[in-house]
Each structure stands twice: as C-alpha cells, then as structure tokens.
Amino acid sequence: MDREKLLGVVLGGFVAGLLTSAVALTPKSRAVQIAEFFEDICIPNHYGQLTESPASWGFETVKDTDGSPLWVHPKTATFLKFEPRKCGLETLAPYALSEIQARELLRLLEAIVKRRFPELSYDPNAQMGSVHKGWSKGPPAHPSRWGVFFFAYPDWLESAGSTLFIVAPKGEAL
C-alpha cells in the first residue's frame, strides 16, 4: 500500500474514532437519567419485581426529615422515595429541573406511559406547576384509582422542584 492510501486509512480511522467516542462519551441528559430511573426502578417496584437495590443505579441512602429512608442520586440531584403504594422521584431547589429539562422529561414520560401503561388515560385534573401531566385509571377518589403523575414547577424560585410518581390502587401495596 502506498503512503497516500495508508495516510487516508489512518486519518479516516482517526476521524471515525473521534466521532464514535464523542457519541459514546456524551453524558445522558438529566431528564433521560430520571426517565430511566422511573422505568428501571419505579415501574418494576410497582409490579413487585424490583430485584436490585437503588444503590445499583448510584443512589445513596439517607434519612428523610420524618426519619423514613430516602435515596439520593448525587450526580443528578434526584431523590427516590418508596411509600406503601407509591414510588417517586423528586428534584428540589436549588437543583430543581429547569423548564427545558422538565419538558424533555415530560416527552420521555409520554412515550413510557404509552408503551408500558396503554390502559391509562390522560387525567386533565392532574395539574400543578408550569409543566405537568397525569395518566390514571379509575374514578376520582375511588380506591381502585391508580396512575402516573408528573409535576414540575421550575419557576417557583426557592421552592422550585419536580415530582414524578406512580401510585397503586388502595389496598394494593407496592
């Protein structure tokens, strides 16, 4: 192989390597990571199929203000909390989601809910904050009601935050 062809192959490989590493090393957005936590932790928990500790995803356990266990993911500043019928992910000021991040997370959630919970319907009453959406099944205030809810209020300054949760019907512990 002559020198020019060899140089072309080497340069082509170098450029391809740079492009591949740029794509592979680009960190996931915060919204993508939170959506993945929801899909990988909260949904399996909803079905009683969570087999790994949240520590597997980089969460660390701390005590909430009421003394109950709370998980925090230091890299995304996201809190994970399990309650008897509920699994939720939250962000709080000063590390609340921005409006752009909240809207990205909402788009991701719409796809997740459509794919994983086609039986849930849009809930027009699930409104709080500037970015919000809920999907539910069952009559309001009825024990059989359950669903997925997302509220973000990035414009609330020191009170800014977001909450994403799945809640099971009453009488059905997660």
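Residues numbered from 1 in each chain as written. Predicted model: local features only at pLDDT ≥ 70, side-chain atom pairs only at ≥ 80, totals over all residues. Heavy atoms only, no water.

## A look at the confidence of the model for the protein chain
The criterion, for reference: You can read pLDDT as the predictor saying how much it trusts each residue, on a scale of 0 to 100. Going along the chain from the N terminus, every DSSP run of H or I of four or more residues is numbered as a helix, and every run of E of two or more is numbered as a strand. By definition, residues are in contact when any of their heavy atoms lie within 4.5 Å.
In the predicted model, the protein chain carries a mean pLDDT of 84, and 83% of its residues have values of at least 70. The weakest mean pLDDT in the protein chain belongs to helix α1 (residues 3-25) at 45; the strongest belongs to helix α3 (residues 99-116) at 96. Counting contacts from residues 6-16, a segment whose pLDDT is below 50, to residues more than four positions away or on other chains yields one contact. In this model, residues 18-23 is a region of pLDDT below 50 whose contacts with residues beyond four sequence positions or in other chains number zero contacts.

## Here we look at the environment of K81
Spelled out, the test is: The term polar contact refers here to a pair of N or O atoms within 3.5 Å; inside protein, the definition further demands a hydrogen-donor-capable atom paired with an acceptor-capable atom, and it admits residues adjacent in sequence only when both atoms are side-chain atoms.
Along the polypeptide, K81 turns up in strand β3 (residues 78-83). Taking C-alpha positions, K81 is 9.5 Å from C42, a pair spaced 39 residues apart along the chain. When residues no more than four places from it in sequence are discounted, the contact partners of K81 are D64, D66, S68, P69, L70, K86, C87 and G88. Side-chain polar atoms of K81 contact the side chain of D64, separated by 2.6 Å.

## Re the nonpolar core
For the record, the criterion: Buried residues of nine kinds, namely Ala, Val, Leu, Ile, Met, Phe, Trp, Tyr and Cys, make up a nonpolar core once their side-chain atoms join them within 4.5 Å. The rule is simple: take the accessible area with a 1.4 Å probe, protein chains only, and divide by the maximum for that residue type; under 20% is buried, over 50% is exposed, in between is partly exposed.
Judged by nonpolar contacts, the single largest core of 30 residues is most densely connected at F38, L89, V148 and F150. Put simply, the parts of the chain that give this core at least two residues each are α2 (30-46), β4 (86-92), α3, β6 (131-137), β7 (146-153) and β8 (161-167). Ranked by residue count, the leading element in this core is α2, at eight residues. With residues near it in sequence (within four places) discarded, F38 still touches I43, L89, L109, I112, V148, L164, F165 and I166. Listed in part, the five residues of the second largest apolar core include A126, F151, F165 and V167.

## Here's the deal with unusual backbone geometry
Look at the link from A93 to P94: it is a cis peptide, with omega at 5 degrees. Its location among the elements puts P94 in the loop between β4 and α3. In the Ramachandran plot, A77 falls in the positive-phi region, its phi being about 50 degrees despite a non-glycine side chain. Mapped onto the elements, A77 comes out in the loop between β2 (69-73) and β3.

## Some points on the sheet that holds β6
Test applied: Any two strands between which DSSP finds at least two bridges are classified as paired. The axes are straight lines fitted to the C-alpha atoms, using for helices just the contacting stretch, and the angles between their N-to-C directions are given from 0 to 180°.
Here eight strands make up an open sheet; going across it, the order is β1-β2-β3-β4-β8-β7-β6-β5 and the pairing antiparallel. Taken across any chain shown, the strands that pair with only one partner, and hence form the sheet edges, are β1 (60-63) and β5 (121-122). Sheet topology places β4 next to β8; seven bridges connect them, and they run antiparallel. Among the inter-strand pairings, G88 is bridged to a residue of β8, identified as F165. Seen against the sheet, α2 touches β2, β3, β4, β7 and β8 and runs at an angle of roughly 160 degrees to β4. In the packing of α3 onto the sheet, the strands contacted are β6, β7 and β8, and the crossing angle to β6 comes to about 20 degrees.

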